[in-house]
Amino acid sequence: MLREGLAGLLGRFGFEVAAAVGDHDALLAAAAEHRPDLVVTDIRMPPGFTDEGLRAAVALRRDRPELAVVALSQYVEQSYASELLDSGDGRRVGYLLKDRVVDVADFAATLRQVVDGGTVVDPQVVRQLLRRRRDPLSRLSDREREVLALIAEGHSNGAIARRLFVSEAAVGKHIGNILAKLDLPPDDDVNRRVLAVLAYLRGAGS
């Protein structure tokens with residue numbers, strides 16, 4: 001209903017809607033088929049209803065940096081938001097929070113601004129991205145912070161699993177997420193767990 005409503009709304013404001021689709025794969029296919037000037041996507045799409053729409057937007061901009069993309073969301077998804085905003089020299093891109101889109105005419109004007117080469121980012125998105133860049137630990141979930149704190153105390157994966165009443169596999173997955181979010185790629189010359197602990201200690205002391 002929301003998708004069809006948005007399509008009708010854009011039509012009334014002079015936009016030609018080439019396609020209205022409901023999931024990540026259909027969005028990529030429709031963009032390839034129609035080669036639109038603008039893509040408006042929700043962050044959450046089937047099948048997972050997490051960040052599929054935003055990942056699709058990033059992929060589209062990777063292939064066509066000049067494509068105008070506006071992402072709509074009920075929250076700030078930081079990791080892909082920064083990648084989206086950095087794509088295509090940061091031009092022709094928008095990231096808006098749904099609950100702040102209250103005026104239809106203003107929304108249509110925002111879309112035209114993005115198509116014309118502008119960048120429009122919700123102020124709340126800007127604040128959270130700046131906060132994340134100051135403190136890399138802000139990207140971690142509460143559970144990931146808990147795991148990192150136990151790593152900093154010197155506990156092994158097995159000991160962490162016993163303390164948190166989870167499997168070692170779950171601990172390993174959390175650690176993988178921590179290293180990825182702290183931008184610590186695999187490197188034979190460094191101990192990434194140590195670097196993660198150092199990031200934790202810096203954050204704890206700030």
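Residues numbered from 1 in each chain as written. Predicted model: local features only at pLDDT ≥ 70, side-chain atom pairs only at ≥ 80, totals over all residues. Heavy atoms only, no water.

1. Details of the packing of aromatic side chains
This is how it is decided: Classification of ring pairs uses Phe, Tyr and Trp, with its six-membered ring standing for Trp, and accepts pairs whose centres are within 6.5 Å; under 30 degrees between planes counts as stacked, over 60 as edge-to-face, and the remaining range as tilted. To sit over a ring, a charge needs its Lys NZ or Arg CZ within 6 Å of the ring centre and within 35 degrees of the ring normal.
For the structure shown, the criterion picks out zero aromatic pairs. When the ring centre of F15 is taken as reference, the NZ or CZ atom of R112 above it lies at 4.3 Å.

2. Observations concerning the sheet that holds strand β3 (residues 93-97)
Using the following cut-off: Whether two strands pair depends on DSSP finding at least two bridges between them. A run of H or I in DSSP becomes a helix once it reaches four residues, and a run of E becomes a strand once it reaches two; helices and strands are each numbered from the N terminus. Here an angle of 0 to 180 degrees is reported between the N-to-C directions of two axes, which are lines fitted to C-alpha atoms, with helices fitted over the stretch in contact.
Taking strand neighbours across the sheet as the criterion, the four strands line up as β1-β2-β3-β4 in an open arrangement whose pairing is parallel. The sheet is open, and its two edges are formed by β1 (38-42) and β4 (119-121), each paired on a single side. Ignoring which end each strand starts from, the neighbouring axes of this sheet average 15 degrees apart. Taken together, the five bridges between strand β2 (residues 68-73) and β3 define a ladder with parallel strand orientation. Pairing of S73 across the sheet is with L97, part of β3.

3. Examining the confidence of the model for the protein chain
Put simply, the test is: On a scale of 0 to 100, pLDDT captures the predictor's confidence in every residue.
In the predicted model, the protein chain carries a mean pLDDT of 84, and the fraction of residues at 70 or more is 88%. Taken element by element, the protein chain is modelled with least confidence in helix α6 (residues 123-134), mean pLDDT 66, and with most confidence in helix α2 (residues 24-34), mean pLDDT 95.

4. What about the environment of H34?
Locating H34 in the fold gives a position in helix α2. Here the alpha-carbon distance between H34 and A19, two residues 15 residues apart in the chain, equals 8.0 Å.

5. Things to note about the side chain of E52
Quick reminder of the rule: Buried, partly exposed and exposed residues are distinguished by accessible area as a fraction of the type maximum, computed with a 1.4 Å probe on protein chains only: under 20%, between the cut-offs, and over 50%, respectively. The charge count treats Lys and Arg as positive and Asp and Glu as negative. His and the chain ends do not count. For this analysis, a salt bridge means a side-chain nitrogen from Lys or Arg found within 4 Å of a carboxyl oxygen belonging to Asp or Glu. Distance and chemistry together define a polar contact, namely a pair of N or O atoms within 3.5 Å, with one atom able to donate a hydrogen and the other to accept it when in protein, and with adjacent residues in sequence counting only for side-chain atoms on both sides. Any pair of residues with heavy atoms lying within 4.5 Å of one another is described as a contacting pair.
Mapped onto the elements of the fold, E52 is located in helix α3 (residues 52-63). Here E52 is buried and forms no salt bridge, its nearest opposite-charge partner R55 lying at an N-O distance of 4.2 Å. Here G48 takes part through its backbone nitrogen, which lies 2.9 Å from a polar atom of the side chain of E52. In this structure the side chain of E52 is engaged in a polar contact, spanning 3.3 Å, whose partner is the backbone nitrogen of F49. Residues contacting E52, with those up to four places away along its chain left out, are H24, I43, M45, P46 and P47.

6. What to know about the packing of α2 against α3
Note the following rule: By definition in this entry, angles of less than 35 degrees are roughly parallel, angles greater than 145 are roughly antiparallel, angles of 65 to 115 are roughly perpendicular, and the rest are oblique. Note: crossing handedness is left-handed where the near helix turns anticlockwise from the far helix by less than a right angle, and right-handed where it turns clockwise. Following the grouping adopted for this structure description, the nonpolar residues are Ala, Val, Leu, Ile, Met, Phe, Trp, Tyr, Cys and Pro, the charged ones are Asp, Glu, Lys and Arg, and the polar ones are all others, Gly among them.
In the contact formed by α2 and α3, the axes pass within 9 Å of each other and the chain directions differ by 25 degrees. Classified by the angle their axes make, α2 and α3 are roughly parallel. For α2 against α3, the interelement crossing comes out right-handed. Together, H24, L27, L28 and A31 of α2 and E52, R55, A56, A59 and L60 of α3 make up the contact between the two elements. For the contact of α2 with α3, a count of residues per class yields six nonpolar, one polar and two charged.

7. Observations concerning the environment of R92
Structurally, the position occupied by R92 is in the loop between α4 (78-86) and β3. Distance from R92 to Q113, taken between C-alpha atoms, is 8.0 Å for residues 21 residues apart in sequence. Leaving out residues up to four positions away in the same chain, R92 has contacts with D37, R61, E66, L67, A68, V69, V114, V115, G117, G118 and T119.

8. Comments concerning the layout of surface pockets
Where we set the bar: The rule is simple: put a 1 Å grid over the protein atoms alone, call a set of points where a 1.4 Å probe fits but cannot get out a cavity, call an open set with protein on both sides within 12 Å along at least five of seven lines a pocket, and count a residue as lining if it has an atom within 4 Å of a point. Grid points are joined across faces, edges and corners, and a volume is the space filled by probe spheres set on the points.
Estimates place the volume of the largest pocket at around 1,300 Å³. What lines the largest pocket is a set of 41 residues, and nearest its centre among them are R3, L6, L10, V40 and T41. Of all elements in the fold, only α1 (2-12), α2, β1 and α5 (104-115) reach the threshold of two or more residues within the lining of the largest pocket. Among the elements that take part in the lining of the largest pocket, α1 stands out by supplying seven residues, more than any other. Per-class residue counts for the lining of the largest pocket are 28 nonpolar, five polar and eight charged.

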